Amino acid sequence: MNKEGTLSYSFDTDSKDQAVIKFKGKLSGIPMTQTFTIKDATTGKNKSTKLHVTGYKIVRDIDEDKTNNVFVKIAKK
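Figured I'd write up the structure that's included with this text.

Calculation notes
- Residues numbered from 1 in each chain as written.
- Predicted model: local features only at pLDDT ≥ 70, side-chain atom pairs only at ≥ 80, totals over all residues.
- Heavy atoms only, no water.
- Pairing = 2+ DSSP bridges.
- Helix = DSSP H or I, 4+ residues; strand = E, 2+ residues; numbered from the N terminus.
- Contact = heavy atoms within 4.5 Å.
- Phe/Tyr/Trp six-rings, centres within 6.5 Å; stacked < 30°, edge-to-face > 60°.
- Buried < 20%, exposed > 50% of the residue type's maximum accessible area, 1.4 Å probe, protein only.

### So, the pairing of strand S2 (residues 19–27)
Here is step 1 of the chain: One ladder, built from nine bridges, connects strand S1 (residues 5–13) with S2; its direction is antiparallel. Bridge pairing in S2 places Thr 13 opposite Ala 19.
Here is step 2 of the chain: Connecting S1 to the next strand, S2, in antiparallel fashion are five residues, including Asp 17 with a positive phi near 65 degrees.
Here is step 3 of the chain: Pairing geometry for S2 and strand S3 (residues 30–46), over eight bridges, is antiparallel. Each residue of the ladder has a partner; that of Phe 23, found in S3, is Gln 34.

Right under this line is the structure:
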């Protein structure tokens, strides 16, 4: 399937001064809204593989369906 769409985004803060990224657009002609609220920073590592990760806990809200997610950056040391 080769589907295209349009997307606009904006950055804001909520009442708790947390960063919020808002997306609005259409995918294959279907309207879509999505919001990422950035919560806390997080880190972790796997001792056996020496894999280190850092990132942020977020709440992802797609068309009023909220899920907890984590955005991570992997840095191998």
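### Digging into the environment of Gly 44
Here is step 1 of the chain: Along the polypeptide, Gly 44 turns up in strand S3.
Here is step 2 of the chain: With 17 residues separating them along the chain, Gly 44 and Asp 61 place their C-alpha atoms 25 Å apart.
Here is step 3 of the chain: If we ignore the near neighbours within four places in the chain, the residues touching Gly 44 are Leu 51, His 52 and Val 53.

### A closer look at unusual backbone geometry
Here is step 1 of the chain: Of note in this structure, Asp 17 is not a glycine but carries a positive phi near 65 degrees.
Here is step 2 of the chain: Considering the arrangement of structural elements, one finds Asp 17 in the loop between S1 and S2.
Here is step 3 of the chain: The phi dihedral of Glu 64 falls on the positive side, at around 70 degrees, and the residue is not glycine.
Here is step 4 of the chain: Along the polypeptide, Glu 64 turns up in the loop between strand S4 (51–62) and strand S5 (65–76).

### A word on the packing of aromatic side chains
Any two aromatic rings considered together are summarised by their centre-to-centre distance and by the angle between their planes.
Here is step 1 of the chain: All chains considered together, the criterion is met by three aromatic pairs.
Here is step 2 of the chain: Taking 5.8 Å as the distance between ring centres and 80 degrees as the angle between the ring planes, the aromatic pair formed by Tyr 9 and Phe 11 counts as edge-to-face.
Here is step 3 of the chain: Under the relative-accessibility criterion, Phe 11 is labelled exposed at 61%.
Here is step 4 of the chain: The interplanar angle of 70 degrees and the centroid separation of 5.3 Å between the aromatic rings of Phe 23 and Phe 36 together place this pair among those described as edge-to-face. Linking Phe 23 in strand S2 with Phe 36 in strand S3, this pair joins segments that are 13 residues apart in sequence. No difference in accessibility class separates Phe 23 from Phe 36, as the two residues are buried.
Here is step 5 of the chain: These aromatic residues form a ring-pair network of at least three members: Phe 23, Phe 36 and Phe 71.

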